Amino acid sequence: MILGIGMDIIEINRIKEASNTKFMERIFTEVERHYLKMRNDNIYTIAGSFSAKEAVAKALGTGIGRVSWRDIEIVHDNDGKPYVKLHNMAKSHMDAIGGERVYISISHSREYAVAQAIIEG
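A short tour of the structure in this document, coming up. This structure is a prediction, so every number in the text was calculated from the model and none was measured.

Conventions and cut-offs
- Residues numbered from 1 in each chain as written.
- Predicted model: local features only at pLDDT ≥ 70, side-chain atom pairs only at ≥ 80, totals over all residues.
- Heavy atoms only, no water.
- Helix = DSSP H or I, 4+ residues; strand = E, 2+ residues; numbered from the N terminus.
- Buried < 20%, exposed > 50% of the residue type's maximum accessible area, 1.4 Å probe, protein only.
- Contact = heavy atoms within 4.5 Å.
- Areas by Shrake-Rupley, 256 points an atom, 1.4 Å probe, with all protein chains shown as cover.
- Lys, Arg positive; Asp, Glu negative; His and termini not counted.
- Charge placed at Lys NZ, Arg CZ, Asp CG, Glu CD.
- Pairing = 2+ DSSP bridges.
- Axes fitted to C-alpha atoms, helices over the stretch in contact; angles between N-to-C directions.
- Phe/Tyr/Trp six-rings, centres within 6.5 Å; stacked < 30°, edge-to-face > 60°.
- Core = buried A, V, L, I, M, F, W, Y, C linked by side-chain atoms within 4.5 Å.
- 1 Å grid on protein atoms, 1.4 Å probe; cavity = no way out; pocket = protein on both sides within 12 Å on 5 of 7 lines; lining within 4 Å.
- Points joined across faces, edges and corners; volume = space filled by probe spheres on them.

What follows covers the overall build of the protein. Scanning the protein from terminus to terminus reveals 5 helices and 5 strands. Order of helices (α) and strands (β) in the protein, N terminus to C terminus: β-α-α-α-α-β-β-α-β-β. Considering only C-alpha atoms, the protein reaches an extent of 35 × 30 × 25 Å along its principal axes. In the protein, which comprises 121 residues, the proportion classed as buried is 44%. Within the protein, counting contacts between residues at least 6 apart in sequence, those at least 24 apart form 54% of the total. About 7000 Å² of surface is accessible on the protein, with carbon and sulfur atoms providing 47% of the total. Taken as two groups, the 16 positive and 16 negative side-chain charges of the protein have centres that lie 3 Å from each other.

Structure follows, in structure tokens:
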């Protein structure tokens, strides 16, 4: 059963203007920052991950605020496929709604990054 759906779109330039060290540390976990460094801090990858976090927060029904940016972690398997790890308040909320799995899809064009999250329970 689908328990939540979230979608987000972000302008690449907004992320480009904001992506300094302070921004990166506030938004991304150490694991995520390591992955982004391995990708040479590719602005499209950063924007896609940012959008994915927003989409997951929307699917949880909380938005960012009741859960923090770093409570939602976008990680990648050996083939590069993204998946979601939830921590702290995001994990608690997922458990409370009976969520078992989060599906995530991320894409981008030259100007925008977009992500969709679906929570299954």
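Structure shown, so let's carry the discussion forward.
One open sheet holds the 3 strands; their spatial order is E1-E5-E4, and the pairing between them is antiparallel. Only two strands of the sheet have a single partner each, and these edge strands are strand E1 (2-11) and strand E4 (101-108). Neighbour to neighbour, the strand axes of the sheet diverge by 10° on average, direction disregarded. Both E4 and strand E5 (residues 112-120) contribute to a ladder of 8 bridges, which runs antiparallel. Within E5, the position partnered with isoleucine 106 by the bridge is alanine 115.

Quick look at the packing of aromatic side chains now. In the structure shown here, the tally under the stated rule is 3 aromatic pairs. A connected cluster of aromatic rings, assembled from ring pairs, spans Phe23, Phe28, Phe50 and Trp69.

A few words on the nonpolar core. Counting 18 residues, the largest nonpolar core has Val56, Ile72, Val84, Leu86, Val102 and Ala117 as the members making the most contacts within it. When residues of this core are traced back to their parent elements, those giving at least two are helix H4 (43-60), strand E2 (72-76), strand E3 (82-86), helix H5 (88-97), E4 and E5. Ranked by size, the runner-up nonpolar core spans 15 residues in total, among them Ile10, Ile12, Phe23 and Trp69.

Moving on to the layout of surface pockets. Size it by volume and the largest pocket reaches roughly 190 Å³. Lining the largest pocket we find 13 residues, and of these Tyr44, Thr45, His76, Ile106 and His108 sit closest to its centre. Those elements giving two or more residues to the lining of the largest pocket turn out to be H4 and E4. Top contributing element to the lining of the largest pocket by residue count: H4, with 4 residues.

Next up on the list: the environment of leucine 86. The topology assignment puts leucine 86 in strand E3. On the basis of relative accessibility, which here comes to 14%, the residue leucine 86 falls in the buried class. Separated by 74 residues in sequence, leucine 86 and isoleucine 12 have C-alpha atoms that sit 25 Å apart. Contact partners of leucine 86, with chain neighbours within four places excluded, come to Val56, Asp71, Ile72, Lys91, Met94 and Val102.

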